[in-house]
Amino acid sequence: MARDEIEQITGLTTNNLDAYWMPFTANRQFKKDPRLLVKAKDMHYTSADGRQILDGTAGLWCCNAGHGRQKIVEAVQKQVAELDYAPAFQMAHPKSFELAARLAALMPDPLNHVFYTNSGSESVETALKMALAYHKARGEGSRTRLIGRERGYHGVNFGGISVGGMVANRKQFGAMLAGVDHMRHTHGIAGNEFSKGVPKNGIEYAEDLMRLIQLHDPSTIAAVIVEPVAGSAGVILPPEGYLKRLREICDEHGILLIFDEVITGFGRLGTPFGVDYFDVIPDLVTTAKGLTSGVVPMGAVFASSKVYDAFMTGPDHLIELFHGYTYSAHPLACAAALATLDVYAEEELLTRGAKMAEYWQEALHSLRDCPHVIDIRNIGLIGAVELEPIAGEPTKRAFTAFLKAYEKNILIRTTGDTIAMSPPLIISESEIDTLVGTLRDVLKSLD
Ligand SMILES: Cc1ncc(COP(=O)(O)O)c(CNc2cccc(C(=O)O)c2)c1O
């Protein structure tokens, strides 16, 4: 869209698009033909040029309740007028306790404690620091090693990119945390292609953890962090039994297990959390995104009583954990989260994905015959269509699909040459048909 059109339609008050350095974006390509969204309601965005765009990605995997939900809007409006900000260090406001109790009630025992952050990246840093400090508090300060996984995504702060395994997110930044190892990813295991839901093959990949334990000795290892489903890397699913096996190995060797549920949390898999879907209870769970349905930035780390209690020793006038953020437990975020949980409860959204999963799965796998499709993966209301890369131009085919899809009024995500979708949990069957039908047209138009 031409720049002067943009200004006219959007009221953009500046010719200077250069000032804004956009995150995870091809800035020069974007600023030649900006893609601006100006409104959102339920399943749709309104683009600056007046089109209704079907949101196939819940924003960035976060708007699980859909957009413009009145109960959430009103809660934030009321809160900002009443208590706009309150310090969370040595002070508090009631909603922070009310929300923590409601969140803890969503999780199985012993995940009974909640630490607030402002993003998934901050939740990850918080959990990693808690893990290191936990072992120190118990007199096992030699446990400093952290283990992640290839292709893992744990946000963009130094802890997260160190345990993470997405090369592009690391290679620009030089040295990272020392003492970090990675297990193999579970993408592309023979026989798992086009699996519907959790794939059968690959539980043995969990034994990578045993090899690292044998190499380093358990006394040096603090924690393992995995996404139950690796979203950003292109929806990589855990083989059957894999997560349970990680739990067993961690228990055997006194290693903390951290589930990074920033994407899988709050109904994405058709269960409240991946904890429920896979019936595995970690020691720490990182969340964000769906916590407030993307309305106000917020993250939360769920900690087991074992972890929390290890800090609650010594004179009670002393701070137990020297960590936290200016905006931890922000009143607006707490208000948005409480209203979001109300919407989830009233519309049973934390389990609706389970009811829609079958329809979603069959729609997605109907794309198998489209050009360049080399794999399709799905679980709950997450879906991925992996494309054959263009020789010598990796990512280009999927990015072209993204641009064409937007022109055809649907929003999808791409990572590498994989198209990823994670619609709001309110999506209807006819909207699934529209999303997948339009994607089919896009795929057929690709060179
Ligand atoms: C598992 C996981 N952990 C941490 C983060 C970081 O969260 P923040 O961004 O709030 O700091 C994430 C975020 N994941 C994320 C964020 C934006 C885009 C995409 C994509 O794959 O399209 C994925 C994530 O998916």
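Just so it is clear, the model here is predicted, and its values are computed rather than measured. (Residues numbered from 1 in each chain as written. Predicted model: local features only at pLDDT ≥ 70, side-chain atom pairs only at ≥ 80, totals over all residues. Heavy atoms only, no water.)

Q: Any chance you could explain the site of the ligand here in plain terms?
A: Among the 15 residues in the neighbourhood of the ligand, the closest are listed as Trp61, Gly120, Ser121, Asp260 and Arg413. In the model, an oxygen atom of the ligand is placed 2.9 Å from a nitrogen or oxygen of the Gly120 main chain. Between the ligand and Ser232 there is a distance of 3.0 Å, counted from an oxygen atom to a side-chain nitrogen or oxygen. Protein chains shield 84% of the accessible area of the ligand, which is 530 Å² for the free molecule. Secondary structure elements with two or more residues in the shell around the ligand: helix H3 (58–61) and helix H6 (120–137). (Near = heavy atom within 4 Å. Polar contact = N/O pair within 3.5 Å; in protein donor to acceptor, adjacent residues only side chain to side chain. Areas by Shrake-Rupley, 256 points an atom, 1.4 Å probe, with all protein chains shown as cover. Helix = DSSP H or I, 4+ residues; strand = E, 2+ residues; numbered from the N terminus.)

Q: In this structure, what is going on with the packing of aromatic side chains? I would like to understand it.
A: For any pair of aromatic rings, the description consists of the separation of the ring centres together with the inter-plane angle of the planes. Evaluated as defined, the whole model comprises six aromatic pairs. For the pair Phe273 and Phe302, a centre-to-centre distance of 5.6 Å together with 70 degrees between the ring planes defines the contact as edge-to-face. Residue Phe273 is located in the loop between strand S8 (256–260) and helix H10 (274–278), and its partner Phe302 is located in strand S10 (residues 299–303); the two are separated by 29 residues in the primary sequence. In this structure Phe302 comes out as buried when scored by relative accessible area, which is 0%. Aromatic ring contacts, followed pair by pair, group Phe266, Phe273, Phe302 and Tyr344 into a single cluster. The ring of Tyr406 is capped by Arg51, whose NZ or CZ atom sits 4.6 Å from the centre of that ring. (Phe/Tyr/Trp six-rings, centres within 6.5 Å; stacked < 30°, edge-to-face > 60°. Buried < 20%, exposed > 50% of the residue type's maximum accessible area, 1.4 Å probe, protein only. Lys NZ or Arg CZ within 6 Å of the ring centre and 35° of its normal.)

Q: What am I meant to see in the layout of surface pockets here?
A: It is a probe the size of a water molecule, rolled over the atoms, that shows where empty space is left. Approximately 1100 Å³ is the volume attributed to the second largest pocket. Around the second largest pocket sit 35 residues that line it, and Ala88, Val114, Phe115, Glu320 and His323 are the ones nearest its centre. Sorting the residues of the lining of the second largest pocket by element identifies helix H5 (94–106), strand S4 (113–117), S10 and helix H11 (305–311) as the ones contributing at least two each. Within the lining of the second largest pocket, the residues separate by chemical class into 25 nonpolar, eight polar and two charged. (1 Å grid on protein atoms, 1.4 Å probe; cavity = no way out; pocket = protein on both sides within 12 Å on 5 of 7 lines; lining within 4 Å. Points joined across faces, edges and corners; volume = space filled by probe spheres on them. Nonpolar A, V, L, I, M, F, W, Y, C, P; charged D, E, K, R; others polar.)

Q: I keep staring at the domain arrangement of the protein chain and nothing clicks. Help me out?
A: On domain assignment, one finds that the protein chain holds domain 1 (35–65 + 348–444) and domain 2 (72–346). The straight-line distance from the C-alpha centre of domain 1 to that of domain 2 is 26 Å. Listed by partner, the interface residues are 37 residues for domain 1 and 36 residues for domain 2. Counting the surface lost from both domain 1 and domain 2, the interface buries some 2900 Å², and carbon and sulfur atoms represent 61% of this. When residues of domain 1 are sorted by the area they lose upon contact with domain 2, Trp61, Leu350 and Ile379 head the list and together hold 26% of the total. Counting across the domain 1 and domain 2 interface gives one salt bridge. Two residues, Lys196 and Glu362, come together in a salt bridge whose shortest N-O distance is 3.1 Å. (Domains from an automatic or database assignment. Contact = heavy atoms within 4.5 Å. Buried area = accessible area lost by both parts, 1.4 Å probe. Salt bridge = Lys/Arg side-chain N within 4 Å of Asp/Glu carboxyl O.)

Q: So what exactly am I meant to see when it comes to the packing of helix H13 (residues 349–365) against helix H15 (residues 429–445) here?
A: Where H13 contacts H15, the axes come no closer than 10 Å and their chain directions differ by 20 degrees. Taken together, H13 and H15 sit at an angle that is classed as roughly parallel. Pair H13 / H15 crosses with right-handed handedness. Packed against H13, whose contacting residues are Met356, Tyr359, Trp360, Ala363 and Leu364, the element H15 presents Glu429, Ile432, Asp433, Leu435 and Val436 at the interface. Of the residues in the contact of H13 with H15, the class split is eight nonpolar, no polar and two charged. (Axes fitted to C-alpha atoms, helices over the stretch in contact; angles between N-to-C directions. Parallel < 35°, antiparallel > 145°, perpendicular 65-115°, else oblique. Left-handed = near helix turned anticlockwise from the far one by under 90°.)

Q: Can you walk me through the side chain of His216 in this structure?
A: Mapped onto the fold, His216 is located in helix H8 (residues 207–216). Take His216: its relative accessible area is 18%, and that puts it in the buried class. Polar side-chain contacts of His216 include one of 3.3 Å to the side chain of Arg145. Setting aside its immediate chain neighbours within four residues, His216 contacts Arg145, Asp181 and Ile221.

Q: In this structure, what is going on with the pattern of salt bridges? I would like to understand it.
A: Pairs may arise between side chains of opposite charge once their charged atoms sit close together. Under the counting rule described, the total for this entry stands at 22 salt bridges. For Arg138, the salt bridge is made with Glu140, and the minimal N-O distance between the two is 3.6 Å. Its relative accessible area of 41% is what places Arg138 among the partly exposed residues. On the accessibility criterion, Glu140 (26% relative accessible area) is partly exposed.

Q: Honestly, the packing of H5 against helix H12 (residues 331–346) in this entry has me stumped. Any pointers?
A: Helix-helix packing is described using two parameters, namely the angle between the two axes and the distance between the axes. Following both chains from N to C, one finds H5 and H12 inclined at 40 degrees, their axes separated by 9 Å at the closest point. Between H5 and H12, the crossing angle belongs to the class labelled oblique. Two packed elements cross with a definite hand, and for H5 against H12 that hand is left-handed. Between H5, through Lys95, Ser96, Glu98, Leu99, Arg102, Leu103 and Leu106, and H12, the contact on the second element is made entirely by Cys334, Ala335, Ala337, Leu338, Leu341 and Asp342.

Q: What is the right way to look at the environment of Pro371 in this model?
A: Here Pro371 lies in the loop between H13 and strand S11 (373–379). For the pair formed by Pro371 and Val442, sequence separation is 71 residues and the distance between their alpha carbons is 10.0 Å. With residues near it in sequence (within four places) discarded, Pro371 still touches Leu443 and Lys444.

Q: I tried to follow H6 on my own but got confused; where do I start?
A: In an α-helix, one full turn covers 3.6 residues, which means residues spaced three or four apart are oriented alike. Counted at 1.5 Å a residue, the expected span for H6 with its 18 residues is 26 Å, and the 25 Å between its end C-alpha atoms agrees. In terms of burial, H6 is largely enclosed, as 13 of its 18 residues are buried. Two to three positions downstream of the cap, the backbone nitrogen of Ser121 sits 3.5 Å from a side-chain oxygen, assigning the N-cap of H6 to Ser119. Gly139 sits one or two residues past H6 and shows a positive phi near 80 degrees. (Expected span 1.5 Å × (residues − 1).)

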